[in-house]
Amino acid sequence: MITRSIKSKIIIALCVLITLLILQSYLFNYSQKSLFELQNAQHKALLQSESVTRLENDVISLQSQAIAYLDHANSNTIEKFNVHLNAAKRDLDTLSTHLNEYDENYQNNIKRLNEYLNNYQDTFNRVVVNRTKREQLYITQFKQPIEALKAQLNELKKNTLTSKQNKIVNTLLTISNIEQATTNYLHKPNYDEAQNVQDNLAHLNTLLASIETANVNLLNNTDELEQAYSQLVILTRSYTFSINVVLTGIENELLYLAEKIRDVEKQKLTQTEQQLRDHVLKSTEMANLFAALITVIIIVITFFIFNSVIKPIAKLTKLLNDMSNEKQVTLNSDEHHQNEINSVITAANALYLKNKQTKELLAETQALNSKMELMNKELTLAIPQAKNANQAKG
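Considerations on the overall build of the chain
So, step 1. A tally of helices and strands in the chain yields seven helices and zero strands.
So, step 2. Its helices and strands taken in sequence order, the chain reads α-α-α-α-α-α-α from the N to the C terminus.
So, step 3. Residues counted as buried form 30% of the 394 residues belonging to the chain.
So, step 4. Of the contacts made within the chain by residues no fewer than 6 positions apart, 79% connect residues no fewer than 24 positions apart.
So, step 5. When the accessible surface of the chain is summed, it comes to about 25300 Å², and 57% of that surface belongs to carbon and sulfur atoms.

Right under this line is the structure:
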């Protein structure tokens, strides 16, 4: 058969080796591609996780800037608030880049987070506008009547006897207390400061009623103060509601949503890291298995080469050496492993047999020739003897 020839067996062995090399190259490329995809997924998960962490920090910074604005309202605080707000929106945009890769719940959380950020910005802007209105109200409708009332009392004090100036002094002191309490209430609104202003206003009305003479406008000023203070209280209630309820609620919701998104990103990062580890272990196992398979195949091919090529060549060499040295050889006929070298051995066997037969025939011929020569010599000697015998008879 054709497959029994050495050439066909070598071609088959080379085809097997080439197939293994191609398979190894394919598996290596596939493994590298999978590894690259997993590393890319891990990188994206890491970036997403970092974005969530920055988003949480930005939300906390927004909260701190809002609190800082309540304590020290200035343009620098508003600017810092906007910086952190823009940073939070950028982080949210980064999280939304691969939004289609996540489930619907995650997408809804991202959308809600975006809405809450916009609401937080709008609420803070309303707080800024409300605070500005409160300050303008204090300056235009509260401070001016206070200054007018103080001027009237100071003028009245000049025209009043020293013995009767105590009520005016107490009234001016009460007005100072009202100014201080109102200023405190303006910057840090709370119930105690509001109650302090109301008590001082009531006390001021009592004092002004006791010193009221020809100056009928004094109580009118207190009416203006009470109206301005009522408007200030209304604005302050809206102001404190926006701060204590709306802003705080949005902050809590932002942190809650950011925490949920962080858990998802953390889970995804852990999952990609586990997949990467599993892929590395699987690739290592496949490489070891492939190396073992190649080793076994190399051993089989080596045995095949030894059994089909090297061993027959050694046998042929020994046969030829024995033939050249005219040693006795044993002729074997292997019908199950017919290949080129076995064919040469068979031909050599036939040649050896023919050579042996030729030598045997040559030896027999030489022996016959020797006998014939001996017989010729005997005949040559017998002829003269016969002639002499014949002559003697004659």
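Structure's up, so let's keep going.
Overview of the side chain of T174
So, step 1. With respect to the helices and strands, T174 occurs in helix α4 (residues 166-187).
So, step 2. For T174, the residues in contact, after removing those within four places along its chain, are N200, H203, L204 and L207.

A word on a nonpolar patch on the surface
So, step 1. Together, I10, L14, L17, I18, I22 and I298 make up a nonpolar patch on the protein surface, roughly 520 Å² of accessible area in all.
So, step 2. Inspection of the secondary structure assignment puts I18 in helix α1 (residues 6-71).
So, step 3. Here I18 falls in the partly exposed class, since its relative accessible area comes to 48%.

Observations regarding the layout of surface pockets
So, step 1. Here the largest pocket is characterised by a volume of approximately 390 Å³.
So, step 2. What lines the largest pocket is a set of 15 residues, among which L27, S31, S283, M286 and A287 lie closest to the centre.
So, step 3. Elements that contribute at least two residues to the lining of the largest pocket include exactly α1 and α6 (217-324).
So, step 4. Tallying contributions element by element places α6 first for the lining of the largest pocket, with eight residues.
So, step 5. Of the residues belonging to the lining of the largest pocket, the class tally is eight nonpolar, six polar and one charged.

Focus: the packing of helix α2 (residues 75-95) against helix α3 (residues 104-158)
So, step 1. One way to put it is that α2 packs onto α3 with a least axis distance of 11 Å and a crossing angle of 170 degrees. It follows that α2 is roughly antiparallel to α3 by the angle criterion. Regarding α2 and α3, the two cross each other, and that crossing is left-handed. Across from I78, F81, L85, A88, K89, L92 and L95 in α2, the residues of α3 making contact are Y106, I110, L113, N114, L117, N118, Y120, Q121, F124 and V128.

Comments concerning the packing of aromatic side chains
Aromatic rings in a pair are described by how distant their centres are and how their planes are angled relative to each other.
So, step 1. Taken as a whole, this structure holds five aromatic pairs when the rule is applied.
So, step 2. Ring geometry for Y26 and Y30: centres 6.5 Å apart, planes at 20 degrees, overall stacked. Residue Y26 and its partner Y30 are both found in helix α1; the two are separated by four residues, about one turn of the helix.
So, step 3. One aromatic cluster is present, formed by F81, Y120 and F124 through successive ring pairs.

What to know about the confidence of the model for the chain
So, step 1. When pLDDT is averaged along the chain, the result is 79, and 89% of the positions lie at 70 or above.
So, step 2. The element-level mean pLDDT for the chain is lowest in helix α7 (residues 340-393), coming to 76, with α2 highest at 87.

Thoughts on the pattern of salt bridges
So, step 1. Considering all chains together, one arrives at six salt bridges under this definition.
So, step 2. Here E135 ties to R131 by a salt bridge, and the two come within 3.5 Å at their closest N and O atoms. Remark: R131 and E135 occur in helix α3; sequence separation between them is four residues, near one turn of the helix.
So, step 3. Residue classification places E135 among the partly exposed positions, given a relative accessible area of 31%.
So, step 4. The buried category is assigned to R131, whose relative accessible area is 3%.
So, step 5. Of the charged contacts in the structure, one is a salt bridge between E259 and R262, with a shortest N-O distance of 3.8 Å. With a gap of three residues between them, E259 and R262 both fall in helix α6, about one helical turn apart.

Reading the values: the criteria
- Per-chain numbering applies: the sequence of each chain, read as written, is numbered from 1 onward.
- Where totals are concerned, whole chains, interfaces and linings use all residues; where local detail is concerned, this predicted model gives features only for residues with pLDDT of at least 70, and gives and counts side-chain atom pairs only at 80 or more.
- Heavy atoms from the whole structure form the basis of all side-chain values; hydrogens and water molecules are not counted.
- Each helix corresponds to a stretch of at least 4 residues labelled H or I by DSSP, and each strand to a stretch of at least 2 residues labelled E; elements are numbered beginning at the N terminus.
- Any residue under 20% of the maximum accessible area for its type is buried, any over 50% is exposed, and the rest in between are partly exposed; the area is computed with a 1.4 Å probe on protein chains only.
- Contact between two residues is taken to exist if any of their heavy atoms lie within 4.5 Å; hydrogens are not considered.
- Note on areas: Shrake-Rupley, 1.4 Å probe, and residue coverage restricted to the protein chains presented here.
- Two distance rules govern patches: like charges are joined within 9 Å, and nonpolar side chains (Val, Leu, Ile, Met, Phe, Trp, Tyr) within 5 Å, applied only to residues with over 30% relative accessible area and no salt bridge.
- Basic side-chain nitrogens of Lys or Arg form a salt bridge, by our definition, when they fall within 4 Å of a carboxyl oxygen of Asp or Glu.
- Definitions used for this entry: grid spacing 1 Å over protein atoms alone; cavity, a set of points where a 1.4 Å probe fits but cannot get out; pocket, an open set with protein on both sides within 12 Å along at least 5 of 7 lines; lining residue, one with an atom within 4 Å of a point.
- Grid points are joined across faces, edges and corners, and a volume is the space filled by probe spheres set on the points.
- Here the term charged refers only to Asp, Glu, Lys and Arg, the term nonpolar to Ala, Val, Leu, Ile, Met, Phe, Trp, Tyr, Cys and Pro, and the term polar to all other amino acids, Gly among them.
- To define axes, lines are fitted to C-alpha atoms, for helices over the stretch in contact only, and angles between the resulting N-to-C directions are given on a 0 to 180 degree scale.
- Between 65 and 115 degrees an angle is taken as roughly perpendicular, under 35 as roughly parallel, over 145 as roughly antiparallel, and anywhere else as oblique.
- A clockwise turn of the near helix away from the far one marks a right-handed crossing, whereas an anticlockwise turn of less than a right angle marks a left-handed crossing.
- Pairs were defined over the aromatic rings of Phe, Tyr and Trp, the Trp ring being its six-membered one, requiring ring centres within 6.5 Å. Orientation was assigned from the angle between planes: stacked under 30 degrees, edge-to-face over 60, tilted for the rest.
- Every residue is assigned a pLDDT by the predictor, reflecting its confidence on a scale from 0 to 100.

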